Amino acid sequence: MSDLFDDYDAGSIRRTYDEMFDRFGRVRDTYRAVHDTLEPQSTADLASRADGLSRAYRDRGVTFALSGQERPFPLDLVPRVLSAEEWRRLEAGIRQRVLALEAFLADVYGPGEVFDDQVVPRKLVHSSPHFHRQVHGVEPAGGVRIHVSGVDVIRDDHGEFRVLEDNLRSPSGVSYVMENRRVMARVFPDLFGASAVAPVDDYPRHLLGALRATAPARASDPRIVVLTPGVHNSAYFEHALLARMMGVDLVEGRDLVCRDDVTYVRTTTGEERADVMYRRIDDEFLDPVQFRPDSVLGCAGLIHSARAGNLTIANAVGNGVADDKLIYSYVPDLIEYYLGEPPLLRNVETYRLGEDDVREFVLDRIDQMVVKPVDASGGYGLVFGPDASDEELADCRANIIADPRGYIAQPVVALSTGPTLVDGRLRPRHLDLRPFAVNDGEKVWVLPGGLTRVALPEGSLVVNSSQGGGSKDTWVLADDDATFGLDMAMPVPKEATNRPAPPVPLQFGPADDHERHHQQQLQQQQSPEAAAEPTPTTDEGEVPSC
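Residues numbered from 1 in each chain as written. Predicted model: local features only at pLDDT ≥ 70, side-chain atom pairs only at ≥ 80, totals over all residues. Heavy atoms only, no water.

A. Summary view of the overall build of the chain. Within the chain one finds 18 helices and 24 strands. Within the chain, the fraction of its 546 residues that count as buried is 60%. (Helix = DSSP H or I, 4+ residues; strand = E, 2+ residues; numbered from the N terminus. Buried < 20%, exposed > 50% of the residue type's maximum accessible area, 1.4 Å probe, protein only.)

What follows is the structure, given as structure tokens:
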């Protein structure tokens, strides 16, 4: 090995599963080409290329906000590599979960057979802060409630992939998947020359196809809009990128009006009927008639429009009940109940603290547990037992006793590690993976790879960018007989180019901007999901992998 790997911590490799090296220090087959390309590189060359990545992100405006400051999104130089066989197993498991959770949501907001058959307690679902009676009985077009999902996956110390959580509301981070690939191909093209890697640039085409396929039946040429909280939201880069790549309008709540159960977009040529809304704001801020009356981020009447069958809201309102961290513990049972199949991907072991004996077991070992609020995100509210102070453990114990439904506990999982450039050397850092799935009602398509997040501080298991994490480009290698092309231009899909350019949504004046900014700050302060949105990886579900 070259100097780059000389101080790679073999002790950490033995304690965890390392993605590049086996327990004897041998390079795994999937990483052979990457290792052989990196080995001759000097530290100065890698540092120069790393600077190139940062400059490319700054030049393209690929940033995120941390403590109120815009910063380039941290992208590590060494990709995370998955073999074709590994990906097939992951892909099948993710599809299975999406189908089971889709059936569960239809049941929850419909007949409720899952409660009658005592698979999941009715009280558990109805006590979730994301269960919304306002949409009970709403039948979405095509039966699709989960148009886009992000399933967080980790690899344990035995090398087995396990699901950490499901994100079914407005999962984000896919823009960074596409931008990571674009920038890596330009800054480190010799890496790509050694491997056949599945492309990621066709995600907008699949998303657009799913939105069109689930439009109201009467809409032969549906008008699609992306609803954003606005430029002050730090995930705005992703909202704007996806709207541009799909060739659809990017709108804010002030651009919309609902009348007679129909939703319209205000444009420079008048009002235009909207058929599908890919929304990137929380349920509670979507419709002030049904939820928060002080919200100006959405539009009054959207829920009535959806109930009347005139508007598809993607993802559907109320999906959060299925990615509640307590409901997560029931997903293996839901897969067997709805699909009649064993789970292809196992959960991380999870303790339900509402059960008396389980709660006592956890409280006796709380210094060995990771305790998570069931509806928090971004790594906020998490208590990592082995690192917590006596005062923090005492507060955590009191919170659990006061609200057992509000927390789950999990054992500490040793996440896999991968070589990461730190201070001019490659060092092991812990990883997770968020693959993205798109559901059009006929099939579930999974983007090859997804967003790999990496915990940059030494020893940290928290991969969230809001907690100091970064990301890696994720490669899925082709089979020997398959060929993948790298189309870095990411052209606008045919579905969009065949349509005339839509009128531009109206924009409002400075007074409206001031009020909107105030409401956006209010949203980010009071909504757990919105608090996660400013991070670069998610609108919701931005959680640590522990």
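B. Region of interest: the environment of Cys 396. With respect to the element layout, Cys 396 can be found in helix α15 (residues 390-402). You can call Cys 396 buried: its relative accessible area is 4%. Sequence-wise, Cys 396 and Gly 385 are 11 residues apart; in three dimensions their C-alpha atoms are separated by 9.4 Å. The residues touching Cys 396, leaving out its near neighbours within four places in the chain, are Ile 366, Val 371 and Val 383. (Contact = heavy atoms within 4.5 Å.)

C. Looking closely at the side chain of Asp 18. With respect to the secondary-structure elements, Asp 18 resides in the loop between α1 (10-15) and α2 (32-38). Buried charged residue Asp 18 carries no salt bridge. Nearest counter-charge: Arg 28, at 5.8 Å. Within the local environment of Asp 18, its side chain forms a polar contact with the side chain of Tyr 8, the two groups lying 2.6 Å apart. (Lys, Arg positive; Asp, Glu negative; His and termini not counted. Salt bridge = Lys/Arg side-chain N within 4 Å of Asp/Glu carboxyl O. Polar contact = N/O pair within 3.5 Å; in protein donor to acceptor, adjacent residues only side chain to side chain.)

D. Representation of the packing of helix α3 (residues 43-60) against helix α7 (residues 174-187) within the structure. The geometry of α3 relative to α7 is characterised by a closest axis approach of 10 Å and an angle of 130° between their N-to-C directions. On the basis of their axis angle, the class for α3 and α7 is oblique. As for how α3 packs across α7, the hand of that crossing is right-handed. Residue-level contacts link Arg 49, Gly 52, Leu 53, Ala 56, Tyr 57 and Arg 60 of α3 to Tyr 176, Glu 179, Asn 180, Arg 182, Val 183, Met 184 and Val 187 of α7. Here the residues of the contact of α3 with α7 sort into 7 nonpolar, 2 polar and 4 charged. (Axes fitted to C-alpha atoms, helices over the stretch in contact; angles between N-to-C directions. Parallel < 35°, antiparallel > 145°, perpendicular 65-115°, else oblique. Left-handed = near helix turned anticlockwise from the far one by under 90°. Nonpolar A, V, L, I, M, F, W, Y, C, P; charged D, E, K, R; others polar.)

E. Focus on the sheet that holds strand β9 (residues 262-267). In space, the 3 strands of this open sheet follow the order β8-β9-β10, with antiparallel pairing throughout. At either end of the open sheet lies a strand with only one pairing partner, and these are β8 (256-259) and β10 (270-273). Each strand axis lies, on average, 40° off the axis of its neighbour in the sheet, ignoring direction. Pairing between β9 and β10: 4 bridges, direction antiparallel. Paired with Arg 266 across the strands is Glu 271, a residue of β10. (Pairing = 2+ DSSP bridges.)

F. How the structure looks around the packing of aromatic side chains. Under the defined criterion, the tally for this structure stands at 7 aromatic pairs. Residues Tyr 109 and Phe 131 carry aromatic rings whose centres are separated by 5.5 Å and whose planes lie at 10° to one another, so their mutual orientation is stacked. Of the two residues, Tyr 109 sits in the loop between α4 (84-108) and α5 (113-116) while Phe 131 sits in the loop between α6 (122-126) and β4 (148-155), which places them 22 residues apart along the sequence. On the basis of relative accessible area, Tyr 109 is assigned to the buried category, the value being 2%. Between the aromatic rings of Tyr 351 and Phe 361, the centroid separation amounts to 5.5 Å while the plane-to-plane angle is 45°, which identifies the pairing as tilted. Taken as a pair, Tyr 351 in strand β14 (residues 351-352) and Phe 361 in helix α14 (residues 356-364) lie far apart in primary sequence, 10 residues in all. Of the residues examined, Phe 361 reaches a relative accessible area of 32% and is grouped as partly exposed. Lying over the aromatic face of Tyr 264, Arg 259 brings its terminal NZ or CZ to 4.9 Å of the ring centre. The residue whose ring lies beneath Arg 352 is Tyr 330, and the NZ or CZ to ring-centre distance is 3.6 Å. (Phe/Tyr/Trp six-rings, centres within 6.5 Å; stacked < 30°, edge-to-face > 60°. Lys NZ or Arg CZ within 6 Å of the ring centre and 35° of its normal.)

G. Looking closely at the packing of α4 against helix α13 (residues 331-339). As a packed pair, α4 and α13 sit with axes 9 Å apart at the nearest point and diverge in direction by 80°. With respect to α13, the axis of α4 lies roughly perpendicular. Contact residues: Gln 96, Arg 97, Leu 99, Ala 100, Leu 101, Ala 103, Phe 104 and Asp 107 in α4; Val 331, Leu 334, Ile 335, Tyr 337, Tyr 338 and Leu 339 in α13. Of the residues in the contact of α4 with α13, the class split is 11 nonpolar, 1 polar and 2 charged.

H. Quick look at the pairing of strand β5 (residues 161-167). By the criterion of burial, β5 is predominantly enclosed, with 7 of the 7 residues buried. In terms of strand pairing, β4 meets β5 through 6 bridges, oriented antiparallel. Counterpart to Arg 155 in the pairing with β5 is Phe 161. From the end of β4 to the start of β5, which pair antiparallel, there are 5 residues, and Gly 159 there has a positive phi angle of about 85°.

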